[in-house]
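This is what each chain is made of:
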Amino acid sequence: MSNTINAGVAAVKVLEEWGVKHIYGIPGGSINSFMDALLHEKDEITYIQVRHEEVGAMAASMHAKFTGHIGVAFGSAGPGGTHLLNGLYDAREDHVPVLAIVGQFATTGMNMDTFQEMNENPIYADVAVYNRTVTTAEQLPHIIDEAIRQAYAKNGVAVVQLPVDLGTKEIPSQAFYSAANAYRKLPRPSLHFADIESAVEILENSEKTVIYAGIGARGAGDDIVALARKIKAPVAVTGIAYDVFDSDFEGLLGSANRVAIKPANDAFPNADTVLFVGNNYPFAEVTNVFENVKNFIQIDLNPANLGKRHHNDVTILGDAGDAIREITRQISEKAETPWWRANLLNIQNWRDYVTKLETKTAGNLQLYQVYHQINQHAAADAIFSIDVGDVTQTSVRHLHLNPKQMWRTSNLFATMGIGIPGAITAKLDFPNRQVWNLAGDGGFNMVMQDLATQVQYNLPIINLVFSNQQFGFIKDEQEDTNSGYFGVEFAGVEFAKIADAMGAKGYTLTRLADAKTVFEHALADVANGLTVLIDAKISTDRPIPVESLILDDKIHTAADIAAFRKRYEAEDLVPFADFLKAEGIEPEYKATDLGGF
Ligand SMILES: Cc1ncc(C[n+]2csc(CCOP(=O)(O)OP(=O)(O)O)c2C)c(N)n1
Ligand SMILES: [Mg+2]
């Protein structure tokens, strides 16, 4: 047995020990020693050759969001590495572990101002929780191991710059090990019972409670629903946490603000108490959404989040499920309340509104009817990779999600182009599950070269492009804030032809009447193992702005209300105040504040 090992191979073996199955990137002269190591280990770890490093890094970040495991991407020195940055920032902002390996000129040329040679460390200083350049071959596996531990421990991005010559050297085979077998998560903190009792006391005495769940509530959806029904408190979710709950839950208010639905925006100004669960709602302070709330109870695992978004009356450090179950055990059941009834009617009224749009059978093809087809064909455990644009908002409004499914996007960084890479990793990670990439035409334009990657790796993904020839989400903002539209419309692209040219199967859907057939054909192709793209040429109708509803005759003129109802096909949408008044509750009239965004 040889008593030396190639340093690059040792580094890849460390990745393997940590359970890394796929690694995304594009080679270059400055990272070819690592490529050689990947070749050596190709039976253990699968290299996924993307067509743009950004897609590789975004796939790595989305891998972490879908699986909880570290994602790994690489790029060559200089531009290959800087192309990774959007994916790395996406991981940083969403606090998920990602490792980036960046090539560097050989040590002989480092600091010599030679080709593609620069001090790379400062480039990654801001994005990374760990950021080091390897200086000896012996260090290489150790630094990779350290980088992974740091990324997991700090839920962030680790970057390792690798001078190419070090990866080719032999090192003593006993000189490295990985810490993968020692990795442990911190145990869940035990609950402080006095805090639970204080929470119970407030919730017992409040009349208009909203439970507001964030992604920290994942896995605790059933427990929250049980509490909600027991204390008659409707449940809001952050835009990124919809898949915590079954969309059929009668008390689901949905999300607030703009990536939002009406019931949540209606409820908050009228609520007296908020139970904030595993939630770091980023718009809380700037939009003053809790202005009228008198009691604020927070449950969170992360001490850094406690008291961050609002002054807390009660603080519970702990796991969301543990805390919710304990509150539910201690609290007494409320009889049906006016608050619960008013919210349930309001939720049902909203559901009737969206159902009517989704099930239209005449008129121009709108995004709503496309969602109807998606809902008809989505598997019970489908995975949705969602791009950034209208689709972020409309997918939470119109997809009938459930907790067996996964809905993931670029949450806080909100980078366009995340749909394709997310779908690539989802299909690789969960080959037996149905995977959708839902994207706007602008977002799809940014990364569409990597449709070829889906084809190259035989990934039967359904790519759905909502083509409206505009940056719709931004155009709508301009309507509200600007003197005119500027830079928000663009020439259309026949994406189906591009898909065909890349070896996928492309469909163009233009007429509502064809929607059913096109989806049936496309889904049959996917079932036969093909990569599919449906280019849905939708109308440019603006989705209803639930942040600025014009429905209530107490604050708007009859003419304005009529025009609003007509434009958004909202003839039957009822102002929340009507439901509240019918229950004897005096409504608060507080416009949704977008906080300057
Ligand atoms: C990389 C990046 N550039 C710009 C933005 C700003 N932005 C957010 S949504 C959006 C428009 C999205 O357009 P499209 O994908 O066509 O979707 P639509 O809203 O039209 O459905 C833009 C430009 C962004 N979030 N990310
Ligand atoms: Mg668009």
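Here the structure is a predicted model, which means the values were calculated and not measured.

(A) Representation of unusual backbone geometry in the model. In this structure, Asn288 takes a positive phi of about 55 degrees despite not being glycine. Tracing the backbone shows Asn288 in the loop between helix H11 (284-287) and strand E13 (295-300). What makes Asn288 partly exposed here is the crowd of 15 C-beta atoms within 10 Å.

(B) Up close: the sheet that holds strand E5 (residues 98-104). The six strands lie next to each other as E3-E2-E4-E5-E7-E6, forming an open sheet whose pairing is parallel. With partners counted over all chains shown, the strands left at the sheet margins are strand E3 (46-49) and strand E6 (128-133), one partner each. Pairs of neighbouring strands in the sheet enclose a mean axial angle of 20 degrees, with direction left out of account. Here E5 runs beside strand E7 (residues 157-163); their pairing, made up of seven bridges, is parallel. Paired with Val102 across the strands is Gln161, a residue of E7. The strands touched by helix H7 (residues 139-154) are E5, E6 and E7; relative to E7, the strand with the most contacts, the crossing angle is about 165 degrees.

(C) A look at the pairing of strand E15 (residues 383-386). The two faces of E15 match: Ile383 and Ser385 on one face and Phe384 and Ile386 on the other face are all buried. As a crossover connection, the stretch from E15 through helix H15 (residues 390-398) into strand E16 (residues 406-408) is right-handed. Here E15 pairs with strand E17 (residues 435-440) via four bridges, running parallel. Bridged to Ile386 within E17 is Leu438.

(D) Up close: the sheet that holds strand E12 (residues 273-277). The parallel open sheet is built from six strands, whose spatial order is E11-E10-E9-E12-E13-E14. Strands at the two margins of the open sheet, each flanked by one partner only, are strand E11 (252-254) and strand E14 (314-317). Sheet twist, expressed as the mean angle between neighbouring strand axes with direction ignored, is 20 degrees. Here E13 runs beside E14; their pairing, made up of four bridges, is parallel. Within E14, the residue paired with Ile299 across the bridge is Ile316. Across the sheet, helix H8 (residues 193-205) lies against strand E9 (209-213), E12, E13 and E14, angled at about 135 degrees from E14, the strand it touches most.

(E) Molecular detail of the site of ligand 1. Around ligand 1 there are 18 residues in total, and Gly389, Asp390, Gly440, Gly442 and Gly472 lie nearest to it. Counting only elements with at least two residues in the shell around ligand 1, the list comes to H15, helix H17 (441-447) and helix H19 (472-481). For the shell around ligand 1, a count of residues per class yields eight nonpolar, eight polar and two charged.

Quick notes on the rules
Residues numbered from 1 in each chain as written. Chains lettered and ligands numbered in written order. Predicted model: local features only at pLDDT ≥ 70, side-chain atom pairs only at ≥ 80, totals over all residues. Helix = DSSP H or I, 4+ residues; strand = E, 2+ residues; numbered from the N terminus. Buried ≥ 20, exposed ≤ 12 C-beta atoms within 10 Å, placed from the backbone. Pairing = 2+ DSSP bridges. Axes fitted to C-alpha atoms, helices over the stretch in contact; angles between N-to-C directions. Contact = placed C-beta atoms within 7 Å. Right-handed = clockwise from strand over helix to strand, strands pointing away. Near = placed C-beta within 6 Å. Nonpolar A, V, L, I, M, F, W, Y, C, P; charged D, E, K, R; others polar.

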